[in-house]
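Spelled out from the first residue to the last, the chains are:
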Amino acid sequence: QVQLVESGGGLVQPGGSLRLSCTASGFTFTRSAMNWYRQAPGKERELVASITDAGTSTNYADSVKGRFTISRDNAKNTVYLQMNSLKPEDTAVYYCNTILVGSSWSLNNYWGQGTQVTVSS
């Protein structure tokens, strides 16, 4: 059973920092690229950051470049999102995501339950 479990969200002041974690199980984590998405109420879910299976390449949304860092520890089956210099507009539910090939050769999206990040004074 594929499972992605996020943790680390909470309430933080503008300019503060949080580190989100996503622990994976049920698939070969070391062969899978991982992504962080976020979704605020009334807005579309957006891709925030992604990282390749070996962690050799990362990509970020323009809105978070220079502030967020995605990383992974394959020995722990965990991907992280370090968030610094947080802004109120970063407030959203953050989701861990991966795409896996199914038995029918289809591409299947898997999502964690999400963790709430609220940036407010």
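Placed above this text is the structure.
Residues numbered from 1 in each chain as written. Predicted model: local features only at pLDDT ≥ 70, side-chain atom pairs only at ≥ 80, totals over all residues. Heavy atoms only, no water.

## Brief notes about a nonpolar patch on the surface
Let me state the cut-off plainly: Like charges within 9 Å and nonpolar side chains (Val, Leu, Ile, Met, Phe, Trp, Tyr) within 5 Å are joined into patches, using only residues over 30% in relative accessible area that form no salt bridge. Per-residue accessibility takes into account occlusion by the displayed protein chains alone, with areas from the Shrake-Rupley method and a 1.4 Å probe. Salt bridge, as used here: a side-chain nitrogen of Lys or Arg that lies within 4 Å of a carboxyl oxygen of Asp or Glu. For the purposes of this entry, the term helix denotes a DSSP run of H or I that reaches at least four residues, the term strand denotes a run of E that reaches at least two, and both are numbered from the N terminus.
A grouping of Ile99, Val101, Trp105 and Leu107 is seen on the molecular surface, where their side chains present a nonpolar patch of about 520 Å² in accessible area. Along the chain, isoleucine 99 falls in strand E9 (residues 92-101).

## Let's talk about the sheet that holds strand E1 (residues 3-7)
Strand pairs in the sheet, formed through backbone hydrogen bonds, run parallel or antiparallel to each other. Selection rule: By this definition, two strands are paired if DSSP reports at least two bridges between them. As a rule, the C-alpha atoms of each element are fitted with a line to give its axis, helices using only the stretch in contact, and angles between N-to-C directions run from 0 to 180 degrees.
A sheet is described by the order of its strands in space; here 4 strands give the open sequence E1-E3-E8-E7, paired in antiparallel fashion. Each end of this open sheet is capped by a strand with a single partner; those strands are E1 and strand E7 (68-73). The sheet shows a mean angle of 15° between the axes of neighbouring strands, direction not considered. In the sheet, E7 pairs with strand E8 (residues 78-83) via 6 bridges, with the strands oriented antiparallel. Across the sheet, the residue bridging to aspartate 73 is threonine 78, located in E8.

## Observations concerning the pairing of strand E11 (residues 115-119)
Rule in force here: Note on exposure labels: buried denotes an accessible area under 20% of the residue type's maximum, exposed denotes more than 50%, and partly exposed covers the range between, all computed with a 1.4 Å probe on protein chains only.
Here E11 shows a clear split, with Thr115, Val117 and Val119 buried on one side and none of Gln116 and Thr118 buried on the other. With 3 bridges joining them, strand E2 (residues 10-12) and E11 adopt parallel strand pairing. By the bridge assignment for E11, glycine 10 is matched with valine 117. Where E9 lies against E11, 3 bridges are found, and the strand directions are antiparallel. Bridged to alanine 92 within E11 is valine 117.

## Comments concerning the environment of alanine 54
Examined against the element boundaries, alanine 54 turns out to sit in the loop between strand E5 (46-51) and strand E6 (58-60). In this structure the C-alpha to C-alpha distance between alanine 54 and threonine 30, which are 24 residues apart in sequence, comes to 7.1 Å.

## Comments concerning the side chain of threonine 78
In this structure, threonine 78 sits in strand E8. Since its relative accessible area comes to 6%, threonine 78 is described here as buried.

## Here's the deal with the pattern of salt bridges
Overall, the coordinates contain 4 salt bridges when judged by the stated rule. Aspartate 62 is the salt-bridge partner of lysine 65, the closest N and O atoms lying 3.0 Å from each other. The exposure class assigned to aspartate 62 is exposed, which follows from its relative accessible area of 66%. In this structure, the salt-bridge partner of aspartate 90 is arginine 67, at a minimum N-O distance of 2.7 Å. In this pair, aspartate 90 is assigned in the loop between E8 and E9 and arginine 67 in the loop between E6 and E7, connecting sequence segments 23 residues apart. Here the two residues aspartate 90 and arginine 67 agree in accessibility, since each one is buried.

## A few points about the nonpolar core
Test applied: Here the nonpolar core consists of buried residues drawn from Ala, Val, Leu, Ile, Met, Phe, Trp, Tyr and Cys, with membership extended through side-chain atoms lying within 4.5 Å.
Counting residues in hydrophobic clusters, the biggest one holds 28 residues, and the most contacted among them are Met34, Trp36, Phe68, Val79, Leu81, Met83 and Tyr94. Among the elements of the structure, strand E3 (18-25), strand E4 (34-39), E5, E7, E8, E9 and E11 are those that each provide at least two residues to this core.

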